[in-house]
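Each chain, letter by letter, is given below.
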There are 2 protein chains.
Amino acid sequence: MADVPGECVIGVDLGGTKAIAGAVDSRLGVHYRTRRDVPTADLPALLRTLTEIVEEVRSAIGGDVEAVGFGIPCLIDQDRGLAASSVHLPINGIAFADVMAERLGLPTFMDNDGNLALLAEHRFGAAQGERNAVMLTLGTGIAGGILVGGEIYRGSQGAAGEFGHMVVWADGPVCGGGCPNRGCLEALVSGTALVREALAVAQRKPQSKLGLALASGREITGPLVTELGHDGDPDALAVLAGIGEWLGIGLTNIVNIFNPDVVVIGGGVIAAGELFLAPARRVLSERALALPAEHVEVLAAHFGAESGMLGAAVFAREQLGRRVRA
Amino acid sequence: MADVPGECVIGVDLGGTKAIAGAVDSRLGVHYRTRRDVPTADLPALLRTLTEIVEEVRSAIGGDVEAVGFGIPCLIDQDRGLAASSVHLPINGIAFADVMAERLGLPTFMDNDGNLALLAEHRFGAAQGERNAVMLTLGTGIAGGILVGGEIYRGSQGAAGEFGHMVVWADGPVCGGGCPNRGCLEALVSGTALVREALAVAQRKPQSKLGLALASGREITGPLVTELGHDGDPDALAVLAGIGEWLGIGLTNIVNIFNPDVVVIGGGVIAAGELFLAPARRVLSERALALPAEHVEVLAAHFGAESGMLGAAVFAREQLGRRVRA
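Quick caveat, the model's predicted, so the values are computed rather than measured. Sequence order sets the numbering: in each chain, residues are counted from 1 along the sequence as written. Following the order in which they are written, the chains are lettered starting with A and the ligands numbered starting with 1. With pLDDT at 70 or above as the cut-off, local features in this predicted model cover only qualifying residues; side-chain atom pairs require 80 or more to be listed or tallied, and sums for whole chains, interfaces and linings still use all residues.

A. Geometry of the overall build of chain A. Segments assigned H or I by DSSP are reported as helices when at least four residues long, segments assigned E as strands when at least two residues long, and all are numbered from the N terminus. For chain A, the count of helices and strands is eleven helices and 14 strands. Taken over the C-alpha atoms alone, chain A extends approximately 55 × 50 × 40 Å along its principal axes. Residues are called buried when their C-beta atom has 20 or more other C-beta atoms within 10 Å, exposed when it has 12 or fewer, and partly exposed otherwise; all C-beta atoms are positioned from the backbone. Burial analysis of chain A (326 residues in total) assigns 56% to the buried set. Nonlocal contacts in chain A, meaning residues at least 24 apart in sequence, comprise 64% of its contacts between residues at least 6 apart. By the convention adopted here, residues are in contact when the distance between their C-beta atoms, placed from the backbone, does not exceed 7 Å.

If you want it as structure tokens, here you go:
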């Protein structure tokens, strides 16, 4: 329950398959959190679910809510207030923030999920005080954020930072969804890629722990692979190391292009921590130019998988402040 | 000869194997230009050659020179005034601008060659008036420049913009020189890559025009391939299209990451113009996310292969102005 419920905003991090929401006070205290799968093919059902999630948080803290912020997995046209193009969700062309404001009766703001995760990490987390940073959020897909000179860089149309659709393997696997490309980082490093690789091991090696889990009817998920990895299972460790090595190639490109102070890795996959970050750092040190590689720090998100939710709350509070002052 | 020689600065674009120098007035008029191969393995010989080139330009215009600017193929440590790390030249750790100032007796400034090519194109060329842009200069290697919000972005140590060392083919050819990486854009799209691919065709198809040129003792060079391509030779066209398709994958990454208004392509290879830009644009439209791909313009450098030289002159003039005002 909230100490200061009157000061809370609600942050919602909408991923490619899940939403994480929380009531967040001005000191980044989280007073209630919830997490739910979202319907990804049906727009009315998606909007209904998001409305329910916000109402759940709102009634749980039993107090006033000042505003709602959404991080959405979508290129954003901020000039026109539109969700412009999503690889994962059927929200293209929707005035998403306006629609949700109407449903919720609250001031509602939106930005790209990758930008907002970086906003939280820059204001209060692993990139605090840095001038130049990049963040990758590894979930169903990959969200990205770019910090240049202490400010989020959004590109000419609000579409920048799509590191998930950076080609690192020209003839690699098809990316899928709304992305026409192949060999994208997202096809190799996301939570989806992690599950795909783990499932392949489970099928190829039925006597492995992954294989036995599959045979017993358990779903092969990112958390299962991570749990087995933390327990020392060699097959799970190999899958995580493989994902980490591809991440290392993505980091090589980011470091050679941006010469950043820090690259922050967040999203659900970061629960595996050093199990995939250590191989990623090794590949980075082998492949990147020495000067920027020796300068950069590659860090796990301070807020783990919650950076996006907290960033959505920070964004809503900052935008509300601007609206009030304007 | 100069109308206003007293107002000239000398710009020098130092590439991986060649230097282009010119005397440039304040309206970007070029009053004398020269181009010379440079010794790449021997630092004293390199510095001697660069001194000779500048003295040649200086005496040719028969007038005063206010300053000299060098664009060098090197990560620059501007805080310490050092050429920090070059893949191509033996200048690592050299206080390059100070050393040349001492030899020339003139105010001397340096920056990364890719940054300076973009500076010329942004102030007066293909990216004029744009807020967000990227430039690739395709020569012996690939130089890169990034414009964010109308300003050159240099990264935390002056090492940003190394698009040549962006991996697009994880298990592709070794990049070489001082780069430990493989499948870098530079290994696939530079002038060096163009010659390598053309030579392979010449050896594989001795009856082709490239093969006959090789048999007759001609050196297979970028300009030769470009000349044959403009004459409609199918083998030369295929080589240029292949280079263009790899460039298209590089552009895909740049557009998905930066959402820029324009990407400018310069350097010696741009003499082939649409012969490789058209295939590059086709691949970009096939592989990049639609929203930023439809927004971006991919343009040949307004100043062709001279952007770097002109940018070095613009930089020297701007830096001299700051020093005088300070």
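Next comes the rest of the description.
B. Inspection of the interface of chain A and chain B at higher detail. Each partner contributes to the interface: chain A provides 40 residues, whereas chain B provides 40 residues. Of the residues forming the side of chain A that touches chain B, the biggest block, six residues, is contributed by helix α8 (residues 234–258) of chain A. Note that Gly is not counted as nonpolar here; it falls among the polar residues with everything else outside the nonpolar set of Ala, Val, Leu, Ile, Met, Phe, Trp, Tyr, Cys and Pro and the charged set of Asp, Glu, Lys and Arg. For the side of chain A that touches chain B, a count of residues per class yields 22 nonpolar, 13 polar and five charged.

C. Up close: the sheet that holds strand β7 (residues 108–112) of chain B. Residues and elements named next belong to chain B. Strand order in this open sheet of five strands is β3-β2-β1-β4-β7, and the pairing throughout is mixed. Of all strands in the sheet, those with a lone pairing partner are β3 (30–37) and β7, marking the two edges. Neighbouring strand axes in the sheet, compared pairwise and without regard to direction, differ in orientation by 15° on average. Each pair of strands is called paired provided DSSP finds at least two bridges between the two strands. Alignment of strand β4 (residues 68–72) against β7, held across five bridges, turns out to be parallel. What counts as an axis is a line fitted to C-alpha atoms, over the stretch in contact for a helix, and the angles between N-to-C directions run from 0 to 180 degrees.

D. Molecular detail of unusual backbone geometry. Residue and element names in this part refer to chain B. A positive phi is found at Leu28, a non-glycine position, where the angle reads about 70°. With respect to the helices and strands, Leu28 occurs in the loop between β2 (18–24) and β3. Using a count of 17 C-beta atoms within 10 Å as the deciding quantity, one classes Leu28 as partly exposed. Backbone geometry places Asn259, a non-glycine residue, at a positive phi of 45°. Its 26 C-beta neighbours within 10 Å are what place Asn259 among the buried residues.

E. Structural context of the packing of helix α7 (residues 222–230) of chain B against helix α8 (residues 234–258) of chain B. Residue and element names in this part refer to chain B. Relative orientation of the contacting elements α7 and α8 amounts to 115°, with a least axis distance of 7 Å. Considering how the two elements wind past one another, α7 and α8 form a crossing that is left-handed. Judged by residue contacts, Val225, Leu228 and Gly229 of α7 engage Ala236, Leu237, Val239 and Leu240 from α8. Per-class residue counts for the contact of α7 with α8 are six nonpolar, one polar and no charged. By definition, turning the near helix anticlockwise from the far helix through less than a right angle yields a left-handed crossing, and turning it clockwise yields a right-handed one.

F. Examining helix α11 (residues 307–325) of chain A more closely. For a helix, the expected span equals 1.5 Å multiplied by the residue count minus one. Counted at 1.5 Å a residue, the expected span for α11(A) with its 19 residues is 27 Å, and the 27 Å between its end C-alpha atoms agrees. For α11(A), the set of buried residues is Ser307(A), Gly308(A), Met309(A), Leu310(A), Gly311(A), Ala312(A), Ala313(A), Val314(A), Phe315(A), Ala316(A) and Arg317(A).

G. Molecular detail of the nonpolar core. Think of a nonpolar core as buried Ala, Val, Leu, Ile, Met, Phe, Trp, Tyr and Cys residues chained together by C-beta atoms that fall within 7 Å. Core analysis: the largest hydrophobic core is formed by 234 residues, its most contacted members being Val12(A) and Val12(B). Sequence-distant contacts of Val12(B), that is, excluding residues within four places in its chain, are made with Ala19(B), Ala21(B), Leu50(B), Ile53(B), Val54(B), Val68(B), Gly69(B), Phe70(B), Met309(B) and Ala312(B).

H. Local environment of the relation of the copies chain A and chain B. Expressed as a screw operation, the relation of chain A to chain B combines 0.0 Å of axial shift with a rotation of 180°, fitting to an RMSD of 0.0 Å. One copy is carried onto the other by what is essentially a two-fold rotation axis. A symmetric contact is evident, with 100% of the interface residues of chain A recurring at the interface of chain B. A least-squares fit on C-alpha atoms brings the copies together, and the residues used are those whose pLDDT is at least 70 in both copies.

I. Geometry of the domain arrangement of chain A. All names here are of chain A. Each domain of chain A was delimited in the assignment, giving domain 1 (5–117 + 306–325) and domain 2 (130–301). Its C-alpha centre places domain 1 at a distance of 25 Å from the equivalent point of domain 2. Between domain 1 and domain 2, the residue contacts involve 18 residues of the former and 19 residues of the latter. Taken together, the elements giving at least two residues each to the side of domain 1 that touches domain 2 come down to β5 (75–77), α3 (113–124) and α11. The element best represented in the side of domain 1 that touches domain 2 is α3, accounting for four residues. Domain start and stop positions are those given by an automatic or database domain assignment.

J. Spotlight on the sheet that holds strand β3 (residues 30–37) of chain A. Residues and elements named next belong to chain A. Spatially, five strands are ordered β3-β2-β1-β4-β7 in an open sheet, and the strand pairing comes out mixed. Every other strand in the sheet has two partners, leaving β3 and β7 (108–112) as the edge strands with one partner each. Shown here is a sheet whose adjacent strand axes are inclined to one another by a mean of 15°, direction ignored. Across seven bridges, strand β2 (residues 18–24) lies against β3 in antiparallel orientation. Bridge pairing in β3 places Val24 opposite Val30. Its contacts with the sheet put α3 on β1 (9–14), β4 (68–72) and β7, and the angle it makes with β7 is roughly 100°.

K. Quick peek at helix α9 (residues 274–287) of chain A. With 14 residues, α9(A) ought to run about 20 Å at 1.5 Å a step, and its terminal C-alpha atoms sit 19 Å apart, in line with that. Where α9(A) is buried, its residues meet α8, β13 (262–266), α10 (290–295) and β14 (297–300) of chain A together with β12 (179–182) of chain B.

L. Representation of the packing of helix α5 (residues 191–204) of chain A against α8(A) in the model. Residue and element names in this part refer to chain A. Where α5 meets α8, the closest approach of the two axes is 10 Å, and the angle between their N-to-C directions is 140°. The hand of the α5/α8 crossing is right-handed. Contacts from Ala193, Leu194, Glu197, Ala198 and Val201 of α5 reach α8 at Asp235, Val239, Gly242 and Ile243. Class assignment for the residues of the contact of α5 with α8 results in six nonpolar, one polar and two charged.

M. Quick look at the pairing of strand β6 (residues 82–85) of chain A. Residue and element names in this part refer to chain A. Judged from the three bridges that link them, β5 and β6 form a sheet pairing that is antiparallel. Looking at β6, one finds that Ile76 is bridged to Ala83. Here β5 folds back onto β6 in antiparallel fashion, the turn holding four residues, of which Gly81 has a positive phi close to 70°.

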